[in-house]
Amino acid sequence: MVETKARQAVVVGVDGSEPALHATRWAAREAVRRHVPLHLFNACVLPALGPHVAGSAEAGILEALIEQGHRWLRQARAEAWEADGGVELQTELRVGPAAGELIDESAHALMVVLGSRGLGGFRGMLVGSVSSAVAAHGHSPVVVVRGRMPADPPPESGPVVVGVDGSEVSEAAVAFAFEEAALRAVPLVAVHTWVDVSVAETWSALPFDVDWEAVEQDERRLLAERMAGWREKYPDVEVRQEVVRDRPVRGLLARAEGAQLIVVGSRGRHVLSGMGLGSTSQALLHHSECPVAVVRPS
Ligand SMILES: Nc1ncnc2c1ncn2[C@@H]1O[C@H](COP(=O)(O)OP(=O)(O)O)[C@@H](O)[C@H]1O
Ligand SMILES: [Mg+2]
């Protein structure tokens, strides 16, 4: 591989929290697998100080915050090294709002990796504000690292699961999922859920019969067609195709039990284009028990 300076890095958001350290270790191994540098990134945020802090104190506070940011980055460096001694590290601290800086950073990143929670927020919150904003508006794939509970370490074994709905966005998710399964040498489970229970109920109230068996056959064929080209491109990846008659979130969560990564498109077929994240992706960020990769077409 040609090593140039413009080589895209895996970027990880570092904020001094334990979930960010889980994300750092995950990202270090990912960077090594992909033969790219790991870019440790801290956005140093100066809080609104209000009228009771003298203007002259502001510089001192910012200086202390920057010092703290550098400490967090040094700590993350050590964790990354420990996760994989072969990792090539870069660090960067920038002064500015975290979500905005990370979204900017994502424009030239291979992917952005974040903890599901950070230092702020409140106990019991399932996903932090920075993570959900970057997952919704980032330019690159965004991986939110989590385990059984949001702040738990992520699982390290199991298949990669991808949600396929047939849209252009899910096509990008399928591409990313095949890469991940191939890099990790684990099976890929492609899940296509095909009915909203509410739709089925509405239909059954109408005066005509639906041959659900035939519909299911069609959905199976559709999924097989979607996957055919990819299976050819990645002959070494073992693929399991699952057609599930269930709501997307429930169907995906059930199939993702024991998985090490779940990959979804940022939006589905039914979402207004102005919205950042589709409802399925959003729900998975809250309820998945493994890291979630949110992918959008480049
Ligand atoms: N200032 C920051 N600089 C870099 N990354 C950050 C920063 N704040 C948060 N992150 C990243 O986002 C993840 C989630 O944090 P966040 O969304 O802020 O949760 P919370 O609301 O619990 O603080 C963190 O684990 C970290 O990866
Ligand atoms: Mg925070």
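Computed from a predicted structure; not experimentally measured. In this numbering scheme, every chain counts its residues from 1 along its sequence in written order. Key to labels: chains lettered from A, ligands numbered from 1, both in the order written. Totals for whole chains, interfaces and linings use all residues, but because this is a predicted model, local features are given only for residues with pLDDT of at least 70 and pairs of side-chain atoms are given and counted only at 80 or more. The basis for the side-chain values is all heavy atoms of the structure; hydrogens and waters are excluded.

A. Focus on the pattern of salt bridges. Criterion for a salt bridge: a side-chain nitrogen of Lys or Arg within 4 Å of a carboxyl oxygen of Asp or Glu. Taken as a whole and assessed by the stated rule, the structure comprises 20 salt bridges. In this structure, Glu79 engages Arg25 in a salt bridge whose closest nitrogen and oxygen atoms are separated by 2.4 Å. Highlighted residues: Glu79 in helix H2 (residues 55-83) and Arg25 in helix H1 (residues 18-34), separated in sequence by 54 residues. Taking the shortest distance from any N to any O, the salt bridge between Arg29 and Glu156 comes out at 3.6 Å. Here Arg29, found in helix H1, pairs with Glu156, found in the loop between strand S5 (142-145) and strand S6 (160-163); they are 127 residues apart in sequence, far enough to count as distant. Residue classification places Arg29 among the partly exposed positions, given a relative accessible area of 28%. Several salt bridges share partner residues, and in doing so they unite Glu30, Arg33, Arg34, Glu179, Glu180 and Arg184 into one network. Numbering of helices and strands starts at the N terminus; helices are DSSP runs of H or I of at least 4 residues and strands are runs of E of at least 2. Categorising residues by exposure relies on relative accessible area from a 1.4 Å probe, with only protein chains included: less than 20% of the type maximum marks a residue as buried, more than 50% marks it as exposed, and the intermediate range marks it as partly exposed.

B. Layout of H2. The end-to-end C-alpha separation of H2 is 43 Å, in line with the 42 Å expected for 29 residues at 1.5 Å each. Restricting attention to buried positions, one finds in H2 the residues Gly69, Trp72, Leu73, Ala76, Ala80 and Ala83. Contact definition: two residues touch when any of their heavy atoms are within 4.5 Å. Contact partners of the buried residues in H2: H1, strand S2 (38-44) and strand S3 (89-95). Here a helix's expected span is defined as the number of its residues, less one, multiplied by 1.5 Å.

C. Quick look at the side chain of Thr24. Looking at the element boundaries, Thr24 is found in helix H1. Thr24 has contacts with Val12, Val14, Leu38, Leu40, Ala76 and Ala80, leaving out every residue within four places of it along the chain.

D. Representation of the domain arrangement of the protein in the model. Those domain boundaries reflect an automatic or database domain assignment. The assigned domain composition of the protein is domain 1 (10-145) and domain 2 (160-295). Across the contact, 16 residues belong to domain 1 and 16 residues belong to domain 2. Here's the idea: put two parts together, see how much 1.4 Å probe accessible area each one loses, and the total over both is what we call buried area. Overall, the association of domain 1 and domain 2 removes approximately 1400 Å² of surface from exposure, summing both partners, and the carbon and sulfur fraction of that is 63%. It is Arg33, Arg34 and Leu126 that lose the most area in domain 1 upon contact with domain 2, and together they represent 32% of the buried surface on that side. Counting across the interface, domain 1 meets domain 2 through three salt bridges.

E. Main features of the sheet that holds strand S10 (residues 292-295). Any two strands with at least two DSSP-identified bridges between them are counted as paired. Strand order in the open sheet formed by ten strands is S3-S2-S1-S4-S5-S10-S9-S6-S7-S8, with mixed pairing between adjacent strands. This sheet does not close on itself; its edge strands, each paired only once, are S3 and strand S8 (239-244). Ignoring strand direction, the axes of neighbouring strands in this sheet form an average angle of 20 degrees. Every axis in this analysis is a line fitted to C-alpha atoms, fitted for helices over the stretch in contact. Angles between the N-to-C directions lie between 0 and 180 degrees. Its contacts with the sheet place helix H3 (residues 98-106) against strand S1 (10-13), S2, S3 and strand S4 (111-115), and it is angled at close to 150 degrees to S2. Running over the sheet, helix H5 (residues 168-184) touches S4, S6, strand S7 (188-193), S8, strand S9 (261-265) and S10 and is turned about 170 degrees from S6.

F. Seen up close, the pairing of S2. Of all seven residues that make up S2, seven are buried, and the element is covered over most of its length. The two faces of S2 match: Leu38, Leu40, Asn42 and Cys44 on one face and His39, Phe41 and Ala43 on the other face are all buried. Pairing analysis gives four bridges linking S1 to S2, with the strands arranged parallel. What sits directly across from Val11, in S2, is His39. Following the backbone out of S1, through H1 and into the adjacent parallel S2, one traces a crossover that is right-handed. Here S2 pairs with S3 via seven bridges, running parallel. Residue pairing across strands places His39 opposite Gln90, the latter belonging to S3. We call a crossover right-handed when, viewed with both strands directed away from the observer, the connection leading from the first strand over the helix to the second proceeds clockwise.

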